Amino acid sequence: MEVDNFVNELQTALNKKQEWYNSVRLQEMLMQYRLMYTCVKNLFENFVKKSLIVPDPYRLDKKISGIVVPETSEFAESEIAKVFGERFSNYETMLDFICTYFRFSIENFTIQKVKQLLDLNKVFEWDNLSSNSTRMNTRALAMVVSNAKKGAPNVVQSMINDSLDKCAQSTGEINNILTELSVFLRELYKGGLRRDLFDHPDFDKAKAAESSEAELAEIKRLYTKVTGKKNFYTDLVNEIIEEDHAPDKDRRRAAVLERLQIKESSKSVTVKKAAGPDTKEMLMQSVLAVGATAPTLAQLISKLSDNIELLYKTKSTFFSKLICALKKAFHIPEKERICNLVIKDSKTGSERTQKIKINEFMSDLSRKERIYNGIATKGIEYSKIQSSSEDAILSFVNKQISELQSLFVVINAFDSHFKQEVATEFKTGIKGMQIELSALRNSIINANKKRSEYASYKEEAAQMQKLGIADNV
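Quick caveat: nothing in here was measured; it's all calculated off a predicted structure.

Parameters and conventions
- Starting afresh in each chain, residues are numbered from 1 along the sequence in its written order.
- Note on the predicted model: pLDDT of at least 70 is required for a residue's local features to be given, and 80 or more for side-chain atom pairs to be given and counted; whole-chain, interface and lining totals, by contrast, use all residues.
- Hydrogens are left out, water is left out, and the side-chain values use all remaining heavy atoms of the structure.
- Helix and strand assignments come from DSSP, with helices taken as H or I runs of at least 4 residues and strands as E runs of at least 2, each series counted from the N terminus.
- The contact rule is simple, with two residues in contact once any of their heavy atoms fall within 4.5 Å.
- Calculation of accessible area relied on Shrake-Rupley with a 1.4 Å probe; when residues are assessed, cover is drawn exclusively from the protein chains displayed.
- Here, expected helix span is obtained from the residue count minus one, scaled by 1.5 Å.
- Buried means the residue's accessible area, taken with a 1.4 Å probe over protein chains only, is under 20% of the maximum for its type, while exposed means over 50%, and partly exposed covers the values in between.
- Each direction from the helix axis to a C-beta atom contributes to the arc, which is the arc of those directions.
- Throughout, an axis means a line fitted to C-alpha atoms (over the contacting stretch in the case of helices), and angles, computed between N-to-C directions, take values from 0 to 180 degrees.
- Roughly parallel means an angle under 35 degrees; roughly antiparallel, over 145; roughly perpendicular, 65 to 115; everything else is oblique.
- Each residue is assigned to one class: nonpolar for Ala, Val, Leu, Ile, Met, Phe, Trp, Tyr, Cys and Pro, charged for Asp, Glu, Lys and Arg, and polar for all the others, Gly among them.
- Any Lys or Arg side-chain nitrogen located within 4 Å of an Asp or Glu carboxyl oxygen qualifies as a salt bridge.
- To pair, rings of Phe, Tyr and Trp, with the six-membered ring standing in for Trp, must have centres within 6.5 Å; the planes then decide the type, stacked if under 30 degrees apart, edge-to-face if over 60, and tilted in the middle.
- pLDDT expresses, on a scale from 0 to 100, how confident the predictor is about each individual residue.
- Handedness of a helix crossing follows the sense of rotation of the near helix relative to the far helix, less than a right angle counterclockwise being left-handed and clockwise being right-handed.
- Identification of polar contacts relies on pairs of N or O atoms within 3.5 Å, with a donor-acceptor requirement for protein atoms, meaning one able to donate a hydrogen and the other able to accept it, and with residues adjacent in sequence counted only if both atoms are side-chain atoms.

Draft legend 1. How the structure looks around the overall build of the chain. The secondary structure content of the chain amounts to 17 helices and 2 strands. The contacts in the chain between residues at least 6 apart in sequence include a share of 75% that link residues at least 24 apart. For the chain, the accessible area works out to roughly 26100 Å², and carbon and sulfur atoms hold 52% of it.

So, in structure tokens, the structure goes:
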């Protein structure tokens with residue numbers, strides 16, 4: 001009975017913690033990765049523009065299916081442009097992969113993947129950038145950064161410094177989350193064994209209860225049959241046995257349940273007790289959630305541009321190409337490209353046609369991406385919004401979420417339009433956008449959730465005030 005109570009408490013705690021990771025902590029880590037990717041991309045483009053590095057010529061053709069940590073071995077300083085350039089290319093590409101394709105849910109994480117991500121964060125010492133570093137990649141990055149700043153305008157130098165600071169901060173935040181996550185994954189592995197193996201009909205519970213040796217023998221006897229090719233972690237299996245047989249097993253079990261508690265930091269608890277949550281800060285979290293869509297929008301812009309060119313290229317005739325050439329020769333402006341998209345109402349299933357002016361649409365999308373990027377990196381745009389009143393900020397958030405929802409519908413229609421309208425022989429060239437659209441939808445949901453939390457708190461506070469109940473300040 002005692003064991004059953006512990007196992008029941010354990011499974012409940014694991015489920016709650018897993019849900020918390022999926023809905024809160026891993027989304028925080030994704031936002032940090034997106035911020036980091038934006039900063040690294042800015043640095044990468046600056047280095048390439050100033051011819052300080054030679055990017056990997058095959059970077060866009062590589063098929064990435066998992067986390068690959070760039071090389072960290074020594075190389076000659078005379079090879080910085082080429083070797084460091086390739087490694088920094090691979091690093092930027094890997095961050096892009098993580099932000100776009102990596103699934104931030106507990107089901108997708110393993111102890112090995114956590115180790116790979118920690119190793120990826122060690123490729124460059126962002127918080128200790130020095131040309132005297134003992135680590136070659138960090139030393140090369142410091143030297144390239146120094147050259148990038150030489151003779152650069154103040155605004156460019158400021159961008160570089162800001163990007164470096166944010167990379168250091170994001171790396172620290174990500175490492176903290178990954179360290180916590182590795183502890184949870186160990187407990188999840190142990191809990192999974194207790195659920196899948198100990199409850200298996202062939203598992204002899206009476207025999208396992210006799211001694212630690214007997215329990216280990218039972219685990220090994222059924223392990224492969226129950227778990228298949230899942231890694232056998234000896235140290236974690238030994239922890240299970242100690243929790244069942246060690247003289248201090250009660251203390252060990254209590255420690256496990258304590259580790260699985262979802263705790264707020266003492267700082268946030270103190271603030272809430274003292275004066276309640278900062279409503280403006282709650283609202284600014286919604287703003288940051290909107291800004292987090294910037295990398296996704298950048299990817300969508302790139303794919304939309306390529307697909308639009310492919311669409312009109314396949315529709316071009318000799319006559320239309322001749323007209324286009326004559327217009328360019330006589331400086332006659334091009335006629336606005338128009339797309340008639342079929343928009344489907346997800347609730348009613350009804351369809352309508354929406355006329356989209358492509359150049360205008362793409363221009364507006366690029367402008368929105370630049371604004372959101374400024375918010376995500378806490379630049380001028382973020383500062384302007386933060387200095388506004390709560391009503392103005394809420395109005396901004398409402399407008400942006402509404403526009404993002406409309407953008408999602410239109411881009412989704414574009415995706416279907418390309419698949420239908422591009423000639424069959426060119427369909428392999430179409431770049432699918434469903435992964436990015438899924439990421440955009442999740443970001444919109446996250447922003448909406450944070451806005452709803454703010455609105456709910458404000459409504460509750462207003463009701464309390466009407467009842468004459470004030471917060472204890």
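Draft legend 2. Focus on helix α8 (residues 234–245). Over its 12 residues, α8 extends 16 Å from the first C-alpha to the last, a length consistent with the 16 Å expected when each residue adds 1.5 Å. Inspection of α8 places Leu 236, Val 237, Ile 240, Ile 241, Glu 243 and Asp 244 among the buried residues, and these make up the whole buried set. One face of α8 carries all of its buried residues, which in axial projection span an arc of 160°.

Draft legend 3. Looking closely at the packing of helix α2 (residues 80–100) against helix α4 (residues 136–149). The N-to-C vectors of α2 and α4 enclose an angle of 110°; their axes lie 11 Å apart at closest approach. What the angle tells us is that α2 and α4 run roughly perpendicular. Contacts from Ile 80, Phe 84, Arg 87 and Phe 88 in α2 reach Asn 137, Ala 140, Leu 141, Met 143 and Val 144 in α4. For the contact of α2 with α4, the class distribution of residues is 7 nonpolar, 1 polar and 1 charged.

Draft legend 4. Structural view of the pattern of salt bridges. Applying the stated rule across the entire model yields 30 salt bridges. One salt bridge connects Arg 259 with Glu 187, and the closest N-O pair in it is separated by 2.9 Å. Here the residue Arg 259 occupies a position in helix α9 (residues 249–259), and Glu 187 occupies one in helix α5 (residues 154–196), the gap between them amounting to 72 residues. With relative accessibility at 39%, the residue Arg 259 sits in the partly exposed group. A salt bridge links Glu 242 to Arg 252, with the shortest nitrogen-to-oxygen separation between them at 3.1 Å. Within this pair, whereas Glu 242 is found in helix α8, its partner Arg 252 is found in helix α9, the two being separated by 10 residues in sequence. Glu 242 sits in the partly exposed class, given a relative accessible area of 32%. Connected via shared salt-bridge partners are Arg 186, Glu 187, Lys 190, Arg 194, Asp 235, Glu 239, Glu 243, Asp 244, Arg 253 and Arg 259.

Draft legend 5. Region of interest: unusual backbone geometry. For Ser 51, which is not a glycine, the phi torsion comes out positive at approximately 55°. Considering the arrangement of structural elements, one finds Ser 51 in the loop between α1 (2–49) and α2. Residue classification places Ser 51 among the exposed residues on the basis of a relative accessible area of 61%.

Draft legend 6. Up close: the packing of aromatic side chains. Per the stated rule, a full pass over the model turns up 21 aromatic pairs. A centroid spacing of 6.3 Å and a plane angle of 70° characterise the contact between Phe 104 and Phe 109, whose relative ring orientation is edge-to-face. An aromatic cluster of three or more residues is present, and its members are Phe 44, Phe 47, Phe 84, Phe 88, Tyr 91, Phe 124 and Trp 126.

Draft legend 7. Highlighting the environment of Phe 88. Checked against the element boundaries, Phe 88 lands in helix α2. The buried category is assigned to Phe 88, whose relative accessible area is 0%. Remark: the alpha-carbon pair of Phe 88 and Pro 55, spanning 33 residues in sequence, is separated by 7.7 Å. Excluding its chain neighbours within four sequence positions, the residues that come into contact with Phe 88 are Val 40, Leu 43, Phe 44, Phe 47, Ile 53, Phe 124, Trp 126 and Leu 141.

Draft legend 8. The arrangement of the confidence of the model for the chain in detail. Residues of the chain with pLDDT of at least 70 account for 89%, and the chain-wide mean is 86. The secondary structure element of the chain with the lowest average pLDDT is helix α10 (residues 266–275), at 38, and the one with the highest is α4, at 96. Considering only residues more than four positions removed or in separate chains, one finds that residues 265–275, a stretch of pLDDT under 50, has 6 contacts.

Draft legend 9. Seen up close, the packing of α5 against α8. Remark: α5 packs on α8, axes separated minimally by 10 Å, with the N-to-C direction vectors making an angle of 65°. Between α5 and α8 the crossing geometry is right-handed. Listed contacts from α8 to Arg 186, Glu 187, Tyr 189, Lys 190, Leu 193 and Arg 194 of α5 are Asp 235, Leu 236, Val 237, Glu 239, Ile 240, Glu 243 and Asp 244. Looking at the contact of α5 with α8 residue by residue, the classes come out as 5 nonpolar, no polar and 8 charged.

Draft legend 10. Geometry of the side chain of Ser 170. As for its position among the elements, Ser 170 is in helix α5. Ser 170 has contacts with Gln 32, Leu 35 and Met 36, leaving out every residue within four places of it along the chain.

Draft legend 11. Here's a closer look at the side chain of Lys 190. By the element assignment, Lys 190 lies in helix α5. Residue classification places Lys 190 among the buried residues on the basis of a relative accessible area of 2%. Among the polar contacts listed, one links the side chain of Lys 190 to the side chain of Glu 187, at a separation of 3.1 Å. In this structure Lys 190 touches Leu 236, Glu 239, Ile 240, Glu 243, Val 256 and Arg 259, once residues within four positions along its chain are discounted.

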